[in-house]
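Chain and residue survey
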Amino acid sequence: MELESEKQEFTITAYTENHVGLLHRITIIFTKRKINLESLTTSESEMEGIHRFTIAVTETEETVRKVVKQLEKQVEVLKADYYKKKEVVQQELALYKIPTESLTNGLEVERIVREHSARFLTIEKDFVVIEKAGYRRETKALFDELKPYGINEFVRSGRIAVSRQEYGIGKLVEKVLAGETA
Amino acid sequence: MATVETPDKIESIKTSTTERISGAEAVVRILIEEGVDLVFGYPGGAIMPVYDALYDHQDHVQHVLARHEQGATHAAQGYARVSGKVGVCLATSGPGATNLITGIADAQIDSTPMVCITGQVPSSLLGSDAFQETDIIGISMPVTKWNFQVTKAEEIPNALAKAFFIARSGRPGPVLVDITKDAQFNELDFDYKKCTNVRSYIPRPALDIEKVKEAAELINSAKRPYILFGQGVILANAEAEFKEFIEKTGIPSAWTIMGLSALETDHPLNVGMLGMHGNYGPNLLTNECDVLIAIGMRFDDRVTGNLSKYAKQAKVIHLEIDPAEINKNVPADIPVLGDAKESLTELIKYVNPASHHDWLQKFRDCDALEHEKVIQDELHPKTEILSMGEVIRIINDKTGGDAVLVTDVGQHQMVACRYTKFTKSKSNITSGGLGTMGFGLPAALGAQLGAPNRTVICVVGDGGFQMTLQEMATIHQTGAKVKVLLLNNEFLGMVRQWQQLFFDKRYSSTIMENPNFQALAAGFYIKTNKVTVREKLEAAVEEFINYDGSYFLEVMVGKENNVFPMVPSGSGVAEIRLE
């Protein structure tokens with residue numbers, strides 16, 4: 001199979017045991033190859049007791065494929081795979097803290113928030129917190145629009161993604177757990 | 001995000017067989033249960049409870065007191081490689097633990113089964129920068145197959161059971177279990193069951209018989225098939241199957257340095273050594289074969305040279321246990337995942353008997369040329385200057401190829417591996433992947449203790465020897481009959497060779513002003529001899545081999561001799577230089 005040789009966005013998914021230290025073991029696989037992790041998220045998976053790493057990188061497919069094999073080689077990793085941009089449904093979550101006074105000087109901010117399908121999480125005396133879920137470009141677009149009103153604090157989560165298949169690699173993980181591995 | 005692993009996989013239901021003992025006592029009982037009768041280590045504060053427990057079990061577990069923890073790791077590696085068993089190391093926290101790292105990294109890259117047990121500060125002090133506290137779990141993670149920190153006595157059986165299972169199963173490797181001092185002191189209800197399965201870990205991928213058939217079909221149609229074999233053959237105990245396979249198919253077979261001794265040197269299909277200082281034919285003809293069959297080897301860059309000029313004409317079949325090695329360096333047209341013994345057993349059934357006389361003759365022709373240009377002069381020098389090769393030639397004459405060869409790293413390693421004769425497997429012990437100077441002497445000690453009835457010859461250079469020579473004291477204390485052959489050229493020879501060939505003879509920091517090695521060896525109460533002229537060499541080697549005890553033989557060899565052939569760094573295998 002021919003691999004595309006230029007760097008592109010990939011999402012790597014790994015189903016793992018939930019053990020102390022595994023995060024380090026996972027990240028050093030990237031460090032060893034000097035690959036920048038754009039984001040890394042861990043959470044529970046659909047299976048009880050099984051954790052899931054979602055890692056965003058921009059790399060060549062060949063490198064990503066080798067890294068995935070190295071991930072899977074780790075004793076406590078059940079299964080790992082990678083996806084191209086179009087093979088996943090992905091989201092990030094962003095929080096924007098802006099001064100409350102920016103709302104009192106007109107309806108502009110409320111319009112922006114509405115148009116971006118964002119929402120107010122909390123409105124305090126001095127600040128409000130706006131939440132927006134979406135693609136990177138969408139959270140970035142809202143950032144750019146809010147910037148003139150003063151952003152006191154901004155944070156964006158790592159990418160989370162599920163595959164655009166009926167099942168992801170979870171079915172394979174079940175096989176590993178059942179000892180039916182090929 | 002994570003929780004502490006609990007000992008849930010092994011039934012912790014208390015039965016009548018449980019007994020209330022300390023964590024330290026449990027560690028030693030587990031060693032005995034796992035068949036460990038020899039451990040290498042160095043005591044210190046945080047591991048003292050385990051050493052105290054060892055004191056009660058000296059009849060079952062012998063402890064070898066190395067003189068540096070690095071020495072303990074290499075000794076454990078030598079022991080593991082010669083015996084096929086797991087090597088075990090003990091060390092204390094902090095510097096004791098960090099001193100293990102070189103040996104662990106070496107074991108990782110050379111797939112050596114090893115269990116390292118380190119003491120750690122009490123769990124209440126973790127993270128407080130306590131005396132001799134270091135994050136050995138974090139430090140060792142990149143170089144271990146698996147590691148785990150135990151902070152409760154009751155975690156010990158499960159952690160060590162997993163450690164032994166993971167170290168020896170699948171593609172073997174080093175594991176480290178760090179045990180806090182309180183976990184060693186505290187008591188647990190002891191009931192040990194060996195681990196036979198870790199649910200997230202597949203040691204041996206299931207063999208795909210369709211791939212085996214595809215491989216056989218390609219082999220059957222090949223005109224110039226060529227086999228490269230590595231340590232996977234030895235680790236799978238597949239030497240007999242391997243031999244049957246090559247004899248049935250008549251395919252010329254070359255070895256990586258880690259595969260050396262899996263096939264006897266004199267076998268007609270053994271065409272020699274691969275790689276940078278390997279034989280001429282095996283390198284050159286890599287680029288002329290039509291089917292390349294790699295068995296239990298990983299296409300290290302020292303084997304392949306420049307990948308863009310490597311075997312581009314060939315279809316590649318790769319028999320390999322580790323899925324991460326498939327397509328890592330050289331793309332495989334037909335990957336056959338699995339244990340080498342299982343894969344070869346099946347493959348033999350589907351391949352046709354064949355012979356490849358003309359193709360094999362090409363290797364013979366290359367041999368003749370290499371013999372004329374390199375080997376003849378190395379084994380029978382025309383000048384007065386002694387060569388490393390002639391010393392090895394005489395050793396072969398005296399041992400008949402029956403000895404275990406342990407080498408350090410450098411020119412002597414390449415010469416010894418190129419010219420030593422082998423008749424038995426698991427007889428070549430060297431630092432292949434990591435190239436660890438200082439490996440040889442302690443590894444030879446471990447090898448001798450792992451194969452007490454065999455002659456163990458440790459070939460070292462004057463550079464590497466000085467990195468771990470304190471283990472001469474361990475050799476003396478254990479009475480291990482290690483034969484140490486120092487090939488002294490008063491240089492860091494391999495670096496000097498590169499400086500000569502690629503850095504305009506600018507000998508930057510490679511000249512060694514050495515100590516009096518004879519006095520040094522004598523200071524360790526080891527019998528010594530030194531040879532500077534050819535007339536004395538044969539008799540000296542004979543005494544060296546036949547002496548009933550450890551022996552240190554120093555031979556002064558040519559200061560500026562080079563190892564050839566050579567595939568220069570960055571060149572393709574076919575650009576191998578004979579001079």
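Residues numbered from 1 in each chain as written. Chains lettered and ligands numbered in written order. Predicted model: local features only at pLDDT ≥ 70, side-chain atom pairs only at ≥ 80, totals over all residues.

Before going further, it helps to spend a moment on the overall build of chain A. The secondary structure content of chain A amounts to six helices and nine strands. When the backbone C-alpha atoms are referred to their principal axes, chain A occupies close to 65 × 40 × 30 Å. In chain A, which comprises 182 residues, the proportion classed as buried is 31%. Within chain A, contacts between residues separated by at least 24 positions form 74% of all contacts whose residues are at least 6 apart in sequence. (Helix = DSSP H or I, 4+ residues; strand = E, 2+ residues; numbered from the N terminus. Buried ≥ 20, exposed ≤ 12 C-beta atoms within 10 Å, placed from the backbone. Contact = placed C-beta atoms within 7 Å.)

Let's shift gears to the overall build of chain B. Counting its regular elements, chain B contains 23 helices and 20 strands. Overall size of chain B, expressed as C-alpha extent along the three principal axes, is 70 × 65 × 40 Å. Looking at the 579 residues of chain B, the share that counts as buried comes to 55%. Pairs at least 24 apart in sequence give 78% of the contacts found in chain B among residues at least 6 apart.

Before going further, it helps to spend a moment on the environment of L22 of chain A. Looking at the element boundaries, L22 of chain A is found in helix α1 (residues 22-32). Measuring from C-alpha to C-alpha, the distance between L22 of chain A and V77 of chain A comes to 8.6 Å, with 55 residues separating the pair along the chain.

Let's shift gears to helix α17 (residues 411-419) of chain B. Among the nine residues of α17 of chain B, nine are classified as buried, and the element is accordingly described as predominantly covered. Within the span of α17 of chain B, buried status applies to Q411, H412, Q413, M414, V415, A416, C417, R418 and Y419 of chain B.

Moving on, we get to the sheet that holds strand β15 (residues 404-407) of chain B. Residues and elements named next belong to chain B. Spatially, β16-β15-β17-β18-β20-β19 is the arrangement adopted by the six strands of the open sheet, whose pairing is parallel. The sheet is open, and its two borders are formed by β16 (428-429) and β19 (527-531), each paired with just one other strand. Sheet topology places β19 next to strand β20 (residues 551-556); five bridges connect them, and they run parallel. Across the sheet, residue V531 finds its bridge partner in β20, namely V555. (Pairing = 2+ DSSP bridges.)

Residue and element names in this part refer to chain B. Here the residue pair F564 and P565 is connected by a cis peptide bond, since its omega of 0° sits within 30 degrees of zero. Here P565 lies in the segment after β20. Residue N327 is not a glycine yet carries a positive backbone phi of 65°. For N327, the position within the fold is in the loop between β13 (315-320) and β14 (334-337).

It is worth spelling out the pairing of strand β2 (residues 39-44) of chain A at this point. Residues and elements named next belong to chain A. Sheet analysis places β2 next to strand β3 (residues 51-59), joined by six bridges and oriented antiparallel. Within β3, the residue paired with T42 across the bridge is F53. The turn linking β2 back onto β3 is made up of six residues, and G49 within it adopts a positive phi angle of 80°.

Turning next to the nonpolar core. Core analysis: the biggest nonpolar cluster contains 181 residues, and V27, C89 and C458 of chain B have the highest contact counts within it. Top contributing element to this core by residue count: helix α7 (residues 156-168) of chain B, with nine residues. If we ignore the near neighbours within four places in the chain, the residues touching C458 of chain B are V406, G440, L441, A444, V482, K483, V484 and L485 of chain B. If you look at the next biggest cluster of nonpolar residues, it comprises 27 residues, including F10, A14, Y15 and I50 of chain A. (Core = buried A, V, L, I, M, F, W, Y, C linked by C-beta atoms within 7 Å.)

This part covers the packing of helix α1 (residues 23-33) of chain B against helix α2 (residues 48-55) of chain B. All names here are of chain B. Orientation of α1 relative to α2, taken along the N-to-C sense of each, is 55°, at an axis distance of 8 Å. What the angle tells us is that α1 and α2 run oblique. The hand of the α1/α2 crossing is right-handed. Seen from α1, the contacting residues are A24, E25, V27 and V28; seen from α2, they are P49, V50, D52, A53 and L54. (Axes fitted to C-alpha atoms, helices over the stretch in contact; angles between N-to-C directions. Parallel < 35°, antiparallel > 145°, perpendicular 65-115°, else oblique. Left-handed = near helix turned anticlockwise from the far one by under 90°.)

All names here are of chain B. Taking 1.5 Å as the rise per residue, helix α9 (residues 209-221) with 13 residues should run 18 Å; its terminal C-alpha atoms sit 18 Å apart, in good agreement. Considered for burial, the residues of α9 that qualify are K211, V212, A215, A216 and I219. Each buried residue of α9 sits inside an arc of 140° when the element is viewed along its axis, so together they form one side. Set apart from the buried face of α9 by more than 90 degrees, the exposed residues are E210 and S221. Looking at the buried side of α9, the elements it contacts are β9 (225-229), α11 (239-249), β12 (291-295), β13, β14 and α14 (340-350). (Expected span 1.5 Å × (residues − 1). Arc of directions from axis to C-beta.)

On to the pairing of β15 of chain B, then. All names here are of chain B. Of the two faces of β15, the one holding V404 and V406 and the one holding L405 and T407 are both buried throughout. Here β15 runs beside strand β17 (residues 456-461); their pairing, made up of four bridges, is parallel. Opposite V406, over in β17, you have C458 as the bridge partner. Across two bridges, the pairing between β15 and β16 is parallel. Bridged to L405 within β16 is N428. Each parallel crossover has a hand, and the one from β15 via α17 to β16 is right-handed. (Right-handed = clockwise from strand over helix to strand, strands pointing away.)

The next thing to look at is the confidence of the model for chain B. Residues and elements named next belong to chain B. On average, residues of chain B score 96 in pLDDT, and 97% of them are at 70 or above. Throughout residues 1-15 the model reports pLDDT below 50, and contacts reaching past four residues in sequence, or to other chains, amount to 21 contacts. Complex prediction metrics read pTM 0.95 and ipTM 0.93. (pLDDT = per-residue confidence, 0-100.)

What links the strands of a sheet is backbone hydrogen bonding, and the strands pair in either a parallel or an antiparallel sense. Residue and element names in this part refer to chain A. The antiparallel open sheet is built from four strands, whose spatial order is β2-β3-β1-β4. At either margin of the open sheet sits one strand with a lone partner, and together these are β2 and β4 (77-84). Between one strand axis and the next, the sheet turns by 20° as a mean value, whatever way the strands run. Sheet strands touched by helix α2 (residues 61-73): β1 (8-16), β3 and β4. Its angle to β4, the strand with the most contacts, is close to 165°.

Attention now goes to the packing of α11 of chain B against α14 of chain B. All names here are of chain B. Where α11 meets α14, the closest approach of the two axes is 9 Å, and the angle between their N-to-C directions is 30°. Classified by the angle between their axes, α11 and α14 sit roughly parallel to one another. Along this stretch, α11 crosses α14, giving a crossing that reads as left-handed. Residues E241, F242, E244, F245 and K248 of α11 touch α14, and the partners they reach there are K341, L344, T345, L347 and I348. Residue classes in the contact of α11 with α14 are distributed as five nonpolar, one polar and four charged. (Nonpolar A, V, L, I, M, F, W, Y, C, P; charged D, E, K, R; others polar.)

Residues and elements named next belong to chain B. Looking at the element boundaries, H63 is found in strand β3 (residues 62-65). With 19 C-beta atoms counted inside 10 Å, the residue H63 sits in the partly exposed group. Taking C-alpha positions, H63 is 5.8 Å from F40, a pair spaced 23 residues apart along the chain.

The subject of this paragraph is the environment of S431 of chain B. Residue and element names in this part refer to chain B. Residue placement: S431 occurs in the loop between β16 and α18 (440-450). Among the residues examined, S431 registers 28 C-beta atoms within 10 Å and is labelled buried. Sequence separation between S431 and K248 is 183 residues, and the spatial gap between their C-alpha atoms is 32 Å. In contact with S431, other than residues within four places in its own chain, are D106, D110, V409, T436 and F439.

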